[in-house]
Amino acid sequence: MGLFDGKKALIFGVANDRSIAWGIAQALHREGCELGFSYGAPPLEKRVRPLAESVGASLIEECNVADDTALVHSIAFADRQDLSGRFVDTSREGFKMALDISAYSLVALTRAAEPLMTNGGAVLTMTYYGSVKVAPQYNVMGVAKAALEACVRYLASDLGPKGIRVNAISAGPIKTLAASGVGGFKKILGYSEKASPLRTLVKTEDVGNTALWLLSDWSRGVTGEVVYVDAGWNIMGLTVPLEELG
Ligand code: NAD
């Protein structure tokens, strides 16, 4: 008996088997959830299709979702040139695109899912700590994530009366395709491992397990929240070990 037996989820954001969305999909599959996948661009199909088939899913975006639906939004994009150098140099076009793809897409997908969630439901998106504090080179994506987190709160308020919950997971750095576009990402990985309270990096599996909680009735009193799955990084005031300060 799985936590998600008889339930369905539509997942946006699997690019390959290192994607955070794939970690979430595997956790849902383990708990008996029926999955549908949508991939961002045609070239991704050859990677996503075998993954989707391995969990018995149909790749059709308009999968026949009914009651008790969950929506996983794990999508972000910014021009590589806006993910290095100075934030002040971000172009208007680059700013618009990052906010559109990374934040507005949640609003559009949630609006499309709302009529399908006739018996309540759960929406989950992915964010990063660069939304609340300056993270080197994260630049316009930090602003997009701040907008995304605000969208989570406004959507949660709009849809709460229908029993639809909207939450975000703020994950620590994970080596994925999208992350490789952020300048100096390897250094960020090493530093996070050294300086977070748990002295480890989080895995897509860790995010998947927290996603299970946020998408299931176990979290039915929780909406509009940003839950950190970052080995505790966000609680630290001073992240440089004292011994390194001389
Ligand atoms: P990923 O590259 O595996 O996934 C990003 C997904 O976004 C891809 O599937 C891609 O197809 C999709 N996408 C991009 N532009 C799109 C568009 N225009 N339309 C539809 N889909 C589009 O990388 P990931 O790290 O798994 O990223 C998933 C989410 O997790 C993102 O929101 C990312 O910001 C967030 N996140 C990542 C990290 C990390 O360190 N990897 C940390 C915190 C949050």
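The rules behind each value
Residue numbers restart at each chain and count upward from 1, following the sequence in its written direction. With pLDDT at 70 or above as the cut-off, local features in this predicted model cover only qualifying residues; side-chain atom pairs require 80 or more to be listed or tallied, and sums for whole chains, interfaces and linings still use all residues. Each side-chain value is worked out from all heavy atoms of the structure, with water and hydrogens disregarded. Secondary structure counts use DSSP, requiring at least four H or I residues in a row for a helix and at least two E residues in a row for a strand, with both numbered from the N terminus. All radius of gyration figures rest on C-alpha atoms, and the globule criterion is 2.2 Å times the number of residues raised to 0.38. Each residue is assigned to one of three classes by its accessible area relative to the maximum for its type, calculated with a 1.4 Å probe on protein chains only: buried under 20%, partly exposed between the two thresholds, exposed over 50%. Throughout, a residue-residue contact means that at least one pair of heavy atoms, one from each residue, lies within 4.5 Å. His is not counted here, nor are the chain ends, while Lys and Arg score as positive and Asp and Glu score as negative. The atoms used to mark charge sites are NZ of Lys, CZ of Arg, CG of Asp and CD of Glu. Classification of ring pairs uses Phe, Tyr and Trp, with its six-membered ring standing for Trp, and accepts pairs whose centres are within 6.5 Å; under 30 degrees between planes counts as stacked, over 60 as edge-to-face, and the remaining range as tilted. Whether a charge sits over a ring depends on NZ of Lys or CZ of Arg being within 6 Å of the ring centre and within 35 degrees of the ring normal. The quantity known as pLDDT measures the predictor's confidence residue by residue, on a range of 0 to 100.

Enquirer: Can you help me understand the overall build of the protein chain in this one?
Expert: Tallying secondary structure elements over the protein chain gives six helices and six strands in all. Its helices and strands in sequence order give the protein chain the pattern β-α-β-α-β-α-β-α-β-α-α-β, from N to C terminus. Relative to the globule expectation of 18 Å for 246 residues, the C-alpha radius of gyration of the protein chain, 18 Å, shows essentially globular dimensions. Each of the three principal axes of the protein chain carries a C-alpha extent, and together these read 60 × 40 × 40 Å. For the protein chain, with 246 residues in total, the buried portion stands at 51%. Partitioning the intrachain contacts of the protein chain with sequence separation of at least 6 by distance along the chain shows that 76% fall at a separation of at least 24. The positive charge centre, built from 24 side chains, and the negative charge centre, built from 26, are 5 Å apart in the protein chain.

Enquirer: Would you mind showing me how to read the packing of aromatic side chains here?
Expert: One pair of aromatic rings is described through two measures. These are the centre distance and the angle between the planes. Going through the model one piece at a time under the given rule, you end up with four aromatic pairs. On the basis of an interplanar angle of 40° and a centroid distance of 6.3 Å, the ring pair of Trp22 and Phe37 is categorised as tilted. In this pair, Trp22 is assigned in helix α1 (residues 20-30) and Phe37 in strand β2 (residues 34-38), connecting sequence segments 15 residues apart. Comparing Trp22 with Phe37 shows no difference in burial state: the two are buried. Aromatic pair Tyr128 and Tyr138: ring centres 4.9 Å apart, planes at 65°, arrangement edge-to-face. Pair noted here: Tyr128 is in the loop between β4 (121-127) and α4 (139-159) and Tyr138 is in the loop between β4 and α4, with a separation of 10 residues, a long-range link. Like Tyr128, the residue Tyr138 is buried in the burial classification. Above the plane of the ring of Phe4 lies Lys7, whose end atom (NZ or CZ) is 5.9 Å from the centre.

Enquirer: Looking at this structure, how should I read the confidence of the model for the protein chain?
Expert: It should be kept in mind that the predicted coordinates are not to be read in detail where pLDDT is low. With 96% of its residues at a pLDDT of 70 or more, the protein chain has an overall mean of 92. Within the model, the stretch residues 62-66 combines pLDDT values under 50 with seven contacts to residues more than four positions away or in other chains.

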